[in-house]
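Observations on chain architecture
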Amino acid sequence: MRQLTALVKPASSACNLKCGYCFYCDEASARSGCGKGFMSIDTARNLIKKVFDFCGSGSVISFMFQGGEPLLAGLRFFEDFVAAAQDLKTDGSTLRFSLQTNGTLIDDGFCEFFKRNGFLIGVSIDGKKPLHDSHRCGSFDKAMNGVSLLRKHGVDFNILSVITAGTDANELFDFYIENNFRDVQPIYCLDPLSGEKTEYSLGARELARFQKRLFNRWFAEVSSGGRMYIRDFDNILSLLTTGRAEQCGASGRCNAQLVVEADGTCYPCDFYCLDEFECLNINEATVDDILRCDGLRRFFEHTEPENKLCLSCPVRSVCGGGCKRYRSLYNQLDGYCPRAEALLHIIDKLRSSFSDNIQEACI
């Protein structure tokens, strides 16, 4: 029995919006053959079969659809994909489906399909209308309409927000509460691969300030009995109490992902879908082949410089230096680390307020 998550890009980097900070559009433009078209059902069936061949019976298989904008692939593609997965599923295995979208293309037909097949939908909404529209091409009303349709049909969903220099933590938290968004994931804006700073760029000190303020609001909410899941803080609590986290990179250790582009080309991480790290093609190779290929080896050998404070940092055992892509951006200030500042603030709050086992973990 194995567990495996395949991150599938059925529409490659194609999108009906042109958000200026899109990290995947930046990655795609930096590699040969920028966009890779739309996934065929033959490629989908090859992916599904080879995943089940690798994992065997009694496994837990997750297919996570991203883009670009995956809904551009059309409802028929997803119907065919799920039908093929059910047809090829090995004995005793569990299938899970999720999809990340900008929300503007959601309609009743998609919602009925999502509900029928148990999809979890992540909708990208950056905050209140003025901020969201300035980032996401005036799409706030359509995205919120998509959320309304998901609620109408009883589809499970969460909210993903890209955090930029213009994001105010208190305003964002108020927006979540006002709209009863109780399962959310901040995504910190990545600079382009060129290293160029943009109007969206989030500085290291801005990042720490945002995380501390958002944590304060979350902590007050859950301490008073409110239910609020923020992925960052749930992972920090898990690291403190169990030494493990579900979020890739949260503990400073990379795990190989199976990222599958529309033409079947595979990569080891959504942040590194570049020529240098290409990992064969699912139409021609097995999952075993992909996990042993040179592209994956180069990915694990590739490192970003650690902040010189890491060696003596009191929270290194918690964060392990963090995700290497973010480390390349935010650890460049000599003598300063935003993650350490935020974590020390969070740990101090937890130590003074929670149970003995939390206090022991925070020492």
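Residues numbered from 1 in each chain as written. Predicted model: local features only at pLDDT ≥ 70, side-chain atom pairs only at ≥ 80, totals over all residues. Heavy atoms only, no water.

1. Examining the nonpolar core
For soluble globular proteins, the rule of thumb is that nonpolar side chains tend to be buried together. Within the largest apolar cluster, 94 residues are counted, with the highest numbers of intra-cluster contacts made by Leu47, Phe63, Phe65, Phe114, Ile125 and Phe181. Among all residues touching Phe63, those that are not within four sequence positions of it are Ala6, Val8, Leu47, Ile48, Val51, Phe81, Leu95, Arg96, Phe97 and Ser98. Grouped together as the second largest cluster of nonpolar side chains are 6 residues, Leu17, Tyr21, Val162 and Tyr200 included. (Core = buried A, V, L, I, M, F, W, Y, C linked by side-chain atoms within 4.5 Å. Buried < 20%, exposed > 50% of the residue type's maximum accessible area, 1.4 Å probe, protein only. Contact = heavy atoms within 4.5 Å.)

2. A short note on the environment of Leu71
By the secondary structure assignment, Leu71 is in the loop between strand E2 (60-65) and helix H3 (75-88). For the pair Leu71 and Asp168, spaced 97 residues apart in sequence, the C-alpha separation works out to 30 Å. Sequence-distant contacts of Leu71, that is, excluding residues within four places in its chain, are made with Phe78, Leu99, Thr101, Leu105, Ile106, Phe110 and Phe114. (Helix = DSSP H or I, 4+ residues; strand = E, 2+ residues; numbered from the N terminus.)

3. So, the environment of Ala11
Its location among the elements puts Ala11 in the loop between strand E1 (3-8) and helix H1 (23-29). Spatially, the C-alpha atoms of Ala11 and Arg31 are 16 Å apart, while their sequence positions differ by 20 residues. Other than its neighbours up to four places away in sequence, Ala11 contacts Gly37, Phe38, Glu69, Pro70, Leu72 and Ala73.

4. Examining helix H6 (residues 140-152)
Helical geometry note: an α-helix holds 3.6 residues per turn, so side chains three or four residues apart project in the same direction. Spanning 13 residues, H6 covers 18 Å between terminal C-alpha atoms, matching the ideal 18 Å at 1.5 Å per step. When we look at burial in H6, the residues that qualify are Phe140, Ala143, Met144, Gly146, Val147, Leu149 and Leu150. At its buried positions, H6 is contacted by helix H4 (108-116), strand E4 (120-124), helix H5 (129-135), strand E5 (156-163) and helix H7 (169-178). Note on H6: the residue one or two positions beyond its end, Gly154, has a positive phi of about 70°. (Expected span 1.5 Å × (residues − 1).)

5. Let's talk about the sheet that holds E4
An order of E7-E6-E5-E4-E3-E2-E1-E8-E9 is seen for the 9 strands of this open sheet, with the pairing classed as mixed. Every other strand in the sheet has two partners, leaving strand E7 (229-230) and strand E9 (266-267) as the edge strands with one partner each. Against the sheet, H7 engages E5, strand E6 (183-188) and E7, with an angle of about 165° to E5. (Pairing = 2+ DSSP bridges. Axes fitted to C-alpha atoms, helices over the stretch in contact; angles between N-to-C directions.)

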